[in-house]
Each structure stands twice: as C-alpha cells, then as structure tokens.
Amino acid sequence: MKCPHCHQDNDKVTDTRTSPDGSEIRRRRTCGNCGKRFTTFERPEAVQRRVVKRDGTRVPYNREKILQGLERACWKRKISDAQITGLITQVEKDVESTFEKEVDSRFIGERMMHYLAELDQVAYVRFASVYRHFESADDFIKELTEIRRNPDWEWSTSELLRDRSK
Ligand SMILES: [Zn+2]
C-alpha cells in the first residue's frame, strides 16, 4: 500500500479490524519510510456477492440484514451473540464454497434454517414461519409435526404456540 504522505510502498500493518456488520476491513498501517501512520479500508470479497431474490431481482449480499432476521428469531432465547455470528459465518462459508458470484436467496434461507434447527427449536420455528410465509395455521401445524419427529428435540408445543400468538 502506498503511503499517502511520502508515496513509498513500504508499510507494515499494525492492526486489523472488521467492522461490526462485517462489510469492511480496517487496517492501521505504519510507513517504513517516513514513519507516519495511515488507515486503509477494504471490502471483503463476500460483500461483492449478489443475492438473487425470489422475484429474480439482484441485491448486494447484506450481512446486517441476515443478522437482523436472526436476532428477531432468537429473541429472548438462550443464544449468545457469538452463536449467532458463528451461524452467519457458517452460512457464508457454505455460500462461498457453492457459489461464485450470485447466490439464490433460498439457499441462504435453507442453510440458516439448517443451522438454527441444530441450535434452538423455537428460534428455528420463528425463522421458518417468517421465511416460509406460512399462509395458514395448517401449514404451521404441519411444520411442527415434522420437527416433532426429531427425537433429539425436547420442546413443548404449548411454548411454541404461545410464542406464535404474540
Ligand atoms: Zn511514508
């Protein structure tokens, strides 16, 4: 990186940080020639990726939006911020290993549900009910019946239904 003060390319990175929404990497650099410090901002490759929505429109990948959806689903559940961030990172890895430039929004949604199901069944059902746009109570019951077949899940129907009615 060229130093903005003396224009020599002889710097050392002293600190690297990612912005809270993951959209930017900030690097503090020290010039080896004049000794002055400067900061650079980079946009990681994942951000350039575009998401193809159901209606066919393309939007830039937005980690913040995914985070908001997850936080809504995990509201008041015993799920840490680190678990939520870890889930998003896992989904991003899946996206990166499967798609090059454009990713179907359905793929992201399905991967998120996959990991949420392992993490917390209430958060999973909340997310699924928004994501899959359950049209009727029947659709919702069908989903509940299906996840209930999973013997690893200890959960209560009444808790989920109460949660749903809010
Ligand atoms: Zn310099």
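*Asks:* Tell me about the sheet that holds strand 1 (residues 11-18), and name the residues and values.
*Replies:* Ordered by their spatial adjacency, three strands build an open sheet running 1-2-3, and the pairing between neighbours is antiparallel. Two strands close off the open sheet at either side, each with one partner strand: strand 1 and strand 3 (37-42). Taken pair by pair, the neighbouring strands of this sheet meet at an average axis angle of 25°, ignoring direction. Pairing of strand 2 (residues 25-31) with strand 3, which is carried by six bridges, proceeds in the antiparallel orientation. By the bridge assignment for strand 3, Thr30 is matched with Arg37.

*Asks:* Tell me what's going on with the coordination of the zinc ion, and back it up with residues and numbers.
*Replies:* At this site the zinc ion is bound by Cys3 (SG), Cys6 (SG), Cys31 (SG) and Cys34 (SG), with donor distances of 2.2 to 2.4 Å. Seen from the zinc ion, its four donor atoms lie at angles of 105 to 117°, and the figure they make is tetrahedral. In primary sequence terms, the donor set of the zinc ion follows C-x2-C-x24-C-x2-C. Using a relative accessible area of 3% as the deciding quantity, one classes Cys31 as buried. Judged by its relative accessible area of 35%, Cys34 falls in the partly exposed class.

*Asks:* Describe the pairing of strand 1, with residues and values.
*Replies:* Note: strand 1 against strand 2, seven bridges, orientation antiparallel. The residue of strand 2 that forms the bridge with Asp15 is Arg28. Linking two consecutive strands that pair antiparallel, namely strand 1 and strand 2, is a turn of six residues; a positive phi of about 75° is found at Gly22 within it.

*Asks:* Lay out the sheet that holds strand 4 (residues 50-52) with the relevant residues and their values.
*Replies:* If you trace the three strands from one edge of the open sheet to the other, you get 5-4-6, paired in mixed fashion. Each edge of the sheet is formed by a strand with only one pairing partner; in this case those strands are strand 5 (58-60) and strand 6 (102-104). The mean angle between the axes of side-by-side strands here comes to 35°, regardless of whether they run parallel or antiparallel. Where strand 4 and strand 5 come together, three bridges link them in antiparallel fashion. Counterpart to Val52 in the pairing with strand 5 is Arg58.

Rules and cut-offs
- Residues numbered from 1 in each chain as written.
- Predicted model: local features only at pLDDT ≥ 70, side-chain atom pairs only at ≥ 80, totals over all residues.
- Heavy atoms only, no water.
- Pairing = 2+ DSSP bridges.
- Helix = DSSP H or I, 4+ residues; strand = E, 2+ residues; numbered from the N terminus.
- Axes fitted to C-alpha atoms, helices over the stretch in contact; angles between N-to-C directions.
- Donors = N, O, S within 2.8 Å, 3.2 Å for Na, K, Ca; no water.
- Tetrahedral: all angles 85-135°; square planar, octahedral: opposite > 155°, others 65-115°.
- Buried < 20%, exposed > 50% of the residue type's maximum accessible area, 1.4 Å probe, protein only.

That's the geometry; what it means functionally is another story.
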